[in-house]
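# Structure at a glance
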Amino acid sequence: MNIGGEFEIRKKDYSKNFHPIGKTLSNLDNNFTINGISSFNQILISLKKKINKIYIPAFICESLLLPIKKNKIQYEFYKIDKNFSSKFIPKKNSAILIIHYFGIQNPLLNYLLKKNKNNFHIIEDCSHLYLNDNFKFEKKKNLFFFSLRKHGSIGAGGWSNIDYNLNKKITYKKDLLKNLSIRKQKQILIEKKSYQKNEIYFLNEFKKIKIFYEKKISYNKIENNFLKMNFSYKWTDIIKKRIRNWEILDKYIKKKFNKVVKKVNINQVPLGYIILTKKRDKLLKYLKSKRIFCSIHWPLSKEVNLKKFKYEKKLADEILTIPIDQRYGYRDMEYIGNILKSINIKQL
């Protein structure tokens, strides 16, 4: 049993033809980069002469700070509430980054659209959102970007609705090929039931890959050959599996943990089964001992004032994302569900 961790490449997850979401992706203007932060970087390059500051949520993946700093743009954190929204209004000649967390469209977007009189620029991070049925690429009026890593597939690719000075040549070809090779090797060993004895090697390799994608900012386009696997991914099947797996796990967990996402559907496709618990670190360790490897989205940046952003600190200290992705079936979810159901959280 091995649940969680970086995605392996499984042939059964791909089709010979492009699936609906893949077809939409393939028809987008060729603004693809190696990762989400490179796409965010393109947006910031286009804006930096128009703005004097960008406002960003304090609860954020720290890698998103890198392109802001690279472009030497002044930034300021803003608070979010228990709905991951805010009532914050940016100042004139500024930009604001809105993150659509965990498959939920952030209510802050509609709030700001009503308040905005062309005084500030709205940027959306749609990395957790683009699988939602009601997400329409072509109807977005704001600047937006996303990372293709968040829902699996080949682990590479970022896109924004702006093509600002992107070089046409391929970027980091050797790194991309190695990334694909490691993921294919992992699946081969899983099928041979010999992955676990080679696990340390793969953990070290995936750690290097993770650092690469979270730290590297490229000004080059990614070659479409690297994205064809993304385009032929069985996205519609994957959406159904994620929703089904979340619902199976939810029947076991019920009200035992404080859930971040209360419901899922085709317009709210889950990133994971996300809970809050004060015993997060102990639960994380316990689940790891059962070969269930969970994620934390996200630790707070050291720059965040913990006294000022108390709710964000609570999230960072208590949040845990339990895997429910397309690699797993009923038995896997039942396995996780029974373990979580039987845990005496007070005794951890």
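Structure shown above.
None of the values given here were measured: they were computed from a predicted structure.

## Examining the environment of Asp332
- Tracing the backbone through its elements, the reader meets Asp332 in helix α11 (residues 330-342).
- For Asp332, a relative accessible area of 18% gives the class buried.
- For the pair Asp332 and Glu303, spaced 29 residues apart in the sequence, the C-alpha separation amounts to 39 Å.
- When residues no more than four places from it in sequence are discounted, the contact partners of Asp332 are Met1, Ile3 and Arg327.

## Considerations on helix α5 (residues 173-191)
- Across its 19 residues, α5 extends 28 Å between first and last C-alpha, which sits within 8% of the 27 Å expected from 1.5 Å per residue.
- Downstream of α5 by one or two residues, Lys193 has phi in the positive range, about 60°.

## Remarks on the packing of helix α8 (residues 235-253) against α11
- In the contact formed by α8 and α11, the axes pass within 8 Å of each other and the chain directions differ by 25°. Judged by the inter-axis angle, α8 sits roughly parallel to α11. Crossing hand, α8 versus α11: right-handed. Listed contacts from α11 to Arg244, Asn245, Ile248, Leu249, Tyr252 and Ile253 of α8 are Tyr330, Met333, Glu334, Ile336, Gly337, Asn338, Leu340 and Lys341.
- For the contact of α8 with α11, the residue count by class is 8 nonpolar, 3 polar and 3 charged.

## Considerations on the pairing of strand β5 (residues 94-99)
- Taking burial as the measure, the 6 residues of β5 include 6 buried ones, the bulk of the element.
- Burial of β5 is two-sided: the residues Ser94, Ile96 and Ile98 facing one way and the residues Ala95, Leu97 and Ile99 facing the other way are all buried.
- Of the pairings in the sheet, the one linking strand β3 (residues 54-57) to β5 comprises 2 bridges and is parallel in character. Note on β5: the bridge partner recorded for Ile54 is Ala95.
- Pairing of β5 with strand β6 (residues 120-125), which is carried by 6 bridges, proceeds in the parallel orientation. Following the sheet pairing, Ile96 is matched in β6 by Ile122.
- Remark: the β5/helix α4 (residues 108-115)/β6 crossover connection has right-handed handedness.

Each value, and the rule that gives it
Residues numbered from 1 in each chain as written. Predicted model: local features only at pLDDT ≥ 70, side-chain atom pairs only at ≥ 80, totals over all residues. Heavy atoms only, no water. Helix = DSSP H or I, 4+ residues; strand = E, 2+ residues; numbered from the N terminus. Buried < 20%, exposed > 50% of the residue type's maximum accessible area, 1.4 Å probe, protein only. Contact = heavy atoms within 4.5 Å. Expected span 1.5 Å × (residues − 1). Axes fitted to C-alpha atoms, helices over the stretch in contact; angles between N-to-C directions. Parallel < 35°, antiparallel > 145°, perpendicular 65-115°, else oblique. Left-handed = near helix turned anticlockwise from the far one by under 90°. Nonpolar A, V, L, I, M, F, W, Y, C, P; charged D, E, K, R; others polar. Pairing = 2+ DSSP bridges. Right-handed = clockwise from strand over helix to strand, strands pointing away.

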